[in-house]
Amino acid sequence: MDTTLQMYKVKDIVDGFVYNEFEGKGLFGLLGKLTIQPEYQRNYIYADGKKDVAVIDSLLKGYPLGLIYFVDTSDDNFEILDGQQRITSIGRFTTGKFAIRDANGREQLFSSLPADKQKKIMESELLVYHCRGEESEIKEWFKTINIAGIPLNEQELLNSIFSGSFVTLAKAEFSNSGNSNVQKWSSYVSGSAKRQDFMATALRWVAASHGLEIEEYMPMHRLDKDINELKTYFNTVLDWISGVFRDVEKEMCGLDWGRLYEEYHTTSYDPSKVSASLHKLYEDTYVKNRRGVFEYILGGETDTKLLDIRIFDDATKQSVYNQQTADAKDKGSSNCPYCAIAHDAANSKIWDLKDMDADHVTAWSKGGTTDIRNCQMLCKPHNKAKGNK
Ligand SMILES: [Zn+2]
């Protein structure tokens, strides 16, 4: 790979700058010769009134913006390899898309800045490395230089490595925060469109349905001219969730719905019964893990481990232990009620507190509460044996 260092003035870089508000992309500069956002780059995420403003402040103060990398796609055409966020910020500012505050706290658009400051920005110099080489070589290197600013996350890196028609189509569907489905997705999938979280989830689910990882699925589909399977599978999972669960609870967001779909979609559920169970469990103060409620219901309400039922506190355990031990010593029997009825030498064994566990006399799942009247201390072997039944 060859590299050459070159200086550009801001005024040249932003000449012909186009910003697409809907897609959140800076598209072109250098009179159309520079493609600001190649497909493997992320969407513009500096528009937060801080990072974008900081870029402009740096120019006004004469601070360096750091190295920028272009890939030469032909003699006269370049793509930004690294620096897309910085250049988009500059382009958006000089075309009046956002304001900065001056020393007096007044908002200033580029057009309202004094002429000397406008000139300072436009004459600022950016240090650019031009790179030429094989696509694979450049992408490998891109992974290496991706150290400044906000690092690319896993999916953004995969998009750069496996760029092609499939990634382009998938990004158009899943990475566009203007997509009207984003609100629905956000009920069940955490993250944001711009950081590729919906795309990552959709890919993870469909890949797992074939027993694959994302890294295996993406290269297999790299040159596909459609994303039908990806899109259909994702929508099928979401439709299944909203078909089974009428309620939308915040704890549903980010669950591994793909796995739950694979495991339970052939089971039939009565949505009104599901809703009743859900409400009952949400009102149950013994249920500590609400995120486990959904799988608990799907699995037929048997695996109480998913709910992390509130356990007896130490004071309760000590008090029950003292009472049981005193009674046992009076009778000359074991302080574990299960040992006490056994026909062997253990039936008079007095266990230490540390060798016993608290047990619900009536199981929580059968309506037993977590208060002292429903607490008994069992020796650890018996408690374990009971829990396995
Ligand atoms: Zn026992």
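Residues numbered from 1 in each chain as written. Predicted model: local features only at pLDDT ≥ 70, side-chain atom pairs only at ≥ 80, totals over all residues. Heavy atoms only, no water.

*Asks:* What is the right way to look at the overall build of the protein in this model?
*Replies:* Summing up its helical and strand segments, the protein has 17 helices and 11 strands in all. Over its C-alpha atoms the protein spans a radius of gyration of 31 Å, topping by over 25% the 21 Å that the globule rule assigns to 389 residues. Taken along its principal axes, the extent of the C-alpha atoms in the protein is 95 × 50 × 40 Å. In the protein, which comprises 389 residues, the share counted as buried stands at 42%. By sequence separation, contacts in the protein at least 24 residues apart represent 63% of the contacts at least 6 residues apart. For the protein, the computed accessible surface area is about 20100 Å², with 50% contributed by carbon and sulfur atoms. A gap of 5 Å separates the mean positions of the 48 positive and 57 negative side-chain charges of the protein. (Helix = DSSP H or I, 4+ residues; strand = E, 2+ residues; numbered from the N terminus. Rg over C-alpha atoms; globule rule 2.2 N^0.38 Å. Buried < 20%, exposed > 50% of the residue type's maximum accessible area, 1.4 Å probe, protein only. Contact = heavy atoms within 4.5 Å. Areas by Shrake-Rupley, 256 points an atom, 1.4 Å probe, with all protein chains shown as cover. Lys, Arg positive; Asp, Glu negative; His and termini not counted. Charge placed at Lys NZ, Arg CZ, Asp CG, Glu CD.)

*Asks:* Would you mind showing me how to read the sheet that holds strand E5 (residues 68-74) here?
*Replies:* For sheets, the rule is that strands pair by backbone hydrogen bonds, running either parallel or antiparallel. Pairing within the open sheet is mixed, and its seven strands lie in the order E1-E9-E5-E6-E4-E3-E2. Each having just a single partner strand, strand E1 (2-9) and strand E2 (18-20) make up the two edges of the open sheet. Two strands pair when backbone bridges link them, and E5 and strand E9 (residues 125-132) are joined in this way by four bridges, in the parallel orientation. Of the residues in E9, the one forming a bridge with Ile68 is Val128. Relative to strand E6 (residues 77-82), helix H3 (residues 84-94) is tilted by about 115 degrees, and along the sheet it contacts E2, strand E3 (25-29), E5, E6 and E9. (Pairing = 2+ DSSP bridges. Axes fitted to C-alpha atoms, helices over the stretch in contact; angles between N-to-C directions.)

*Asks:* In this structure, what is going on with helix H6 (residues 154-161)? I would like to understand it.
*Replies:* An α-helix turns once every 3.6 residues. As a result, residues three or four positions apart point the same way. Buried residues dominate H6, accounting for six of its eight residues. For H6, the complete set of buried residues consists of Gln155, Glu156, Leu157, Leu158, Asn159 and Ser160.

*Asks:* How should I be thinking about the pairing of E5 in this particular structure?
*Replies:* Two faces, one strand: in a regular strand the side chains alternate between the faces of the sheet. Most of E5 is tucked away: five of the seven residues are buried. In this sheet, E6 lies alongside E5 in antiparallel orientation, the contact comprising five bridges. Residue pairing across strands places Phe70 opposite Ile80, the latter belonging to E6.

*Asks:* What is the right way to read the nonpolar core from this model?
*Replies:* One broad trend across soluble globular proteins is that nonpolar side chains are buried collectively. Core analysis: the biggest nonpolar cluster contains 51 residues, and Phe174, Leu230, Trp240, Ile241, Phe245 and Trp257 have the highest contact counts within it. Considering each element in turn, this core owes the most residues, eight residues, to helix H11 (residues 228-244). Excluding residues that lie within four positions of it along the chain, Phe245 makes contacts with Met252, Trp257, Val274, Phe294 and Leu298. With 31 residues, the next largest nonpolar core counts Leu30, Val53, Ile56 and Ile100 among its residues. (Core = buried A, V, L, I, M, F, W, Y, C linked by side-chain atoms within 4.5 Å.)

*Asks:* Would you take a moment to explain the packing of aromatic side chains for this structure?
*Replies:* The full count for this structure, using the stated rule, is 19 aromatic pairs. Centroid distance Phe174 to Phe234: 5.2 Å. Interplanar angle 85 degrees. Geometry classified as edge-to-face. Of the two residues, Phe174 sits in helix H7 (residues 165-174) while Phe234 sits in helix H11, which places them 60 residues apart along the sequence. By the burial criterion, Phe174 is buried, and Phe234 matches it. Grouped by ring-pair contacts, the aromatic residues Phe174, Trp185, Phe198, Trp205 and Phe234 constitute a single cluster. In this structure, Arg92 is placed above the aromatic ring of Tyr19, and the distance from its NZ or CZ to the ring centre is 4.7 Å. In this structure, Lys349 packs its charged tip against the face of Trp351, placed 4.3 Å from the ring centre. (Phe/Tyr/Trp six-rings, centres within 6.5 Å; stacked < 30°, edge-to-face > 60°. Lys NZ or Arg CZ within 6 Å of the ring centre and 35° of its normal.)

*Asks:* Help me understand the packing of helix H2 (residues 51-61) against H3 in this model?
*Replies:* The relative placement of two packed helices comes down to the angle between their axes together with the axis-to-axis distance. Running from N to C, H2 and H3 cross one another at 80 degrees; their axes reach a closest spacing of 9 Å. Our classification of the angle between H2 and H3 gives roughly perpendicular. On H3, the residues that touch Asp52, Val55, Ile56 and Leu59 of H2 are Arg86, Ser89, Ile90, Arg92 and Phe93. Considered class by class, the residues forming the contact of H2 with H3 number five nonpolar, one polar and three charged. (Parallel < 35°, antiparallel > 145°, perpendicular 65-115°, else oblique. Nonpolar A, V, L, I, M, F, W, Y, C, P; charged D, E, K, R; others polar.)

*Asks:* Could you clarify how one ought to interpret the packing of H2 against helix H4 (residues 115-123) in this entry?
*Replies:* Taken N-terminus to C-terminus, the directions of H2 and H4 make an angle of 100 degrees; their axes are 8 Å apart at the nearest point. Classified by the interaxial angle, the pair formed by H2 and H4 is roughly perpendicular. The segment H2 lies against H4, with Ile56, Leu59, Leu60 and Lys61 engaging Lys117, Lys120 and Ile121. Looking at the contact of H2 with H4 residue by residue, the classes come out as four nonpolar, no polar and three charged.

*Asks:* So what exactly am I meant to see when it comes to the coordination of the zinc ion here?
*Replies:* Four donors placed tetrahedrally around a metal ideally meet at 109.5 degrees, and six donors placed octahedrally ideally meet at 90 or 180 degrees. Here the zinc ion is held by the protein donor atoms Cys336 (SG), Cys339 (SG), Cys379 (SG) and His382 (ND1), which lie 2.0 to 2.3 Å from it. Each of the four donor atoms bound to the zinc ion contributes to angles spanning 98 to 115 degrees, and the resulting shape is tetrahedral. Here the donor residues of the zinc ion are spaced in sequence according to C-x2-C-x39-C-x2-H. (Donors = N, O, S within 2.8 Å, 3.2 Å for Na, K, Ca; no water. Tetrahedral: all angles 85-135°; square planar, octahedral: opposite > 155°, others 65-115°.)

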